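Here is how the chains run, residue by residue.
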Amino acid sequence: MKLYGYWRSSASYRVRIGLGLKGLSCEQVPVHLVKDGGLQHSAEHKALNPMEQVPVLELEPEPGLTVRLPQSVAILEYLNERYPEPPLMPSCSYLRARVRKCVEIVNSGIQPLQNLTLMAELKRLGGDPIAYAKLANERGLAALEAESSDAGGPFTIGDALSLADVFLVPQIYSAKRFKVDLSAYPFIAAVAARLD
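Nothing here was measured: the structure is a model prediction, and the numbers come from that model.

Calculation notes
Residues numbered from 1 in each chain as written. Predicted model: local features only at pLDDT ≥ 70, side-chain atom pairs only at ≥ 80, totals over all residues. Heavy atoms only, no water. Axes fitted to C-alpha atoms, helices over the stretch in contact; angles between N-to-C directions. Helix = DSSP H or I, 4+ residues; strand = E, 2+ residues; numbered from the N terminus. Parallel < 35°, antiparallel > 145°, perpendicular 65-115°, else oblique. Left-handed = near helix turned anticlockwise from the far one by under 90°. Contact = heavy atoms within 4.5 Å. Nonpolar A, V, L, I, M, F, W, Y, C, P; charged D, E, K, R; others polar. Pairing = 2+ DSSP bridges. Expected span 1.5 Å × (residues − 1). Buried < 20%, exposed > 50% of the residue type's maximum accessible area, 1.4 Å probe, protein only. Arc of directions from axis to C-beta. Polar contact = N/O pair within 3.5 Å; in protein donor to acceptor, adjacent residues only side chain to side chain. Disulfide = S-S within 2.5 Å.

Some thoughts on the packing of helix α3 (residues 72-82) against helix α7 (residues 163-177)
Pairs of packed helices are described in terms of their axes, by the angle between the two and the distance that separates them. Interhelical geometry of α3 versus α7 gives an angle of 140° and a closest axis separation of 12 Å. Between α3 and α7, the crossing angle belongs to the class labelled oblique. The way α3 lies across α7 gives a crossing that is right-handed. Residues Ser72, Val73 and Leu76 of α3 form the contact with α7, whose own contacting residues are Leu163, Val166 and Phe167. Counted by class, the contact of α3 with α7 contains five nonpolar, one polar and no charged residues.

Okay, here's the thing in structure tokens:
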């Protein structure tokens, strides 16, 4: 397997965590998101992912068949189905739905609002991209805190590690970069500190 990613990309970070939890080794192929205007925009990378984003997981699920999976949610769901131990989703359908809710709070409600493309566009339009990214983190983390704090147990949702935790840890790292006061989110901050 090869993982095309960037060290500071929270989406790449999620996949690295998932691979580690599953005990899977993977060749890391760096795609610098800033150097030379962003290597994710190169023709070579665009052939791997037309969205010009990281991560992309390249693997050979059977001899002679090479596939490339972009997008962290798709990659992690694939890995969880292909390598079921340890499970990253609860067996209870209601808890699985809550885990998916937490995943989407991060994946669609926070991370895209702090990514390099949006921040560059905000700056071009005369806005303050850092202030906007901080606000996006604060709103999303408040929602995640509300969803998680009543779920019981030491993890984001309940008593077992799940994809919600895999998404939480990199997002807390990003929130710290934007100087978010994590004391406003004591439950998820404590979960992330235990997992880090």
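A few points about the pairing of strand β3 (residues 56-62)
Pairing between strand β1 (residues 2-5) and β3: three bridges, direction antiparallel. By the bridge assignment, Tyr4 is partnered in β3 with Val56. As judged from the five bridges shared by β3 and strand β4 (residues 65-70), these two strands associate in the antiparallel manner. By the bridge assignment for β4, Glu62 is matched with Leu65. Two successive antiparallel strands, β3 and β4, enclose a turn made up of two residues, where Gly64 displays a positive phi of approximately 85°.

Concerning helix α6 (residues 129-149)
Compared with the 30 Å implied by 1.5 Å per residue over 21 residues, the 29 Å span of α6 between its first and last C-alpha is a close match. Taken together, the buried positions of α6 are occupied by Pro129, Ala133, Ala136, Asn137, Gly140, Leu141, Leu144, Glu145, Glu147 and Ser148. Within α6, the buried residues cover an arc of 165° as seen down the axis, which keeps them to one side. Of the residues that open α6, the one with a side-chain oxygen 3.2 Å from the backbone nitrogen of Ile130 is Asp128.

Brief notes about the environment of Gly18
In this structure, Gly18 sits in helix α1 (residues 10-21). In sequence terms Gly18 and Leu76 are 58 residues apart; their C-alpha atoms lie 6.5 Å from each other. The contact partners of Gly18, leaving out residues within four places of it in the chain, are Leu76 and Val166.

Here we look at the state of the cysteines
Taken as a whole, this structure holds zero disulfides when the rule is applied. The thiol sulfur of Cys92 is not disulfide-bonded, and the nearest other cysteine sulfur, from Cys102, lies at 14 Å.

Structural measurements only, silent on function.
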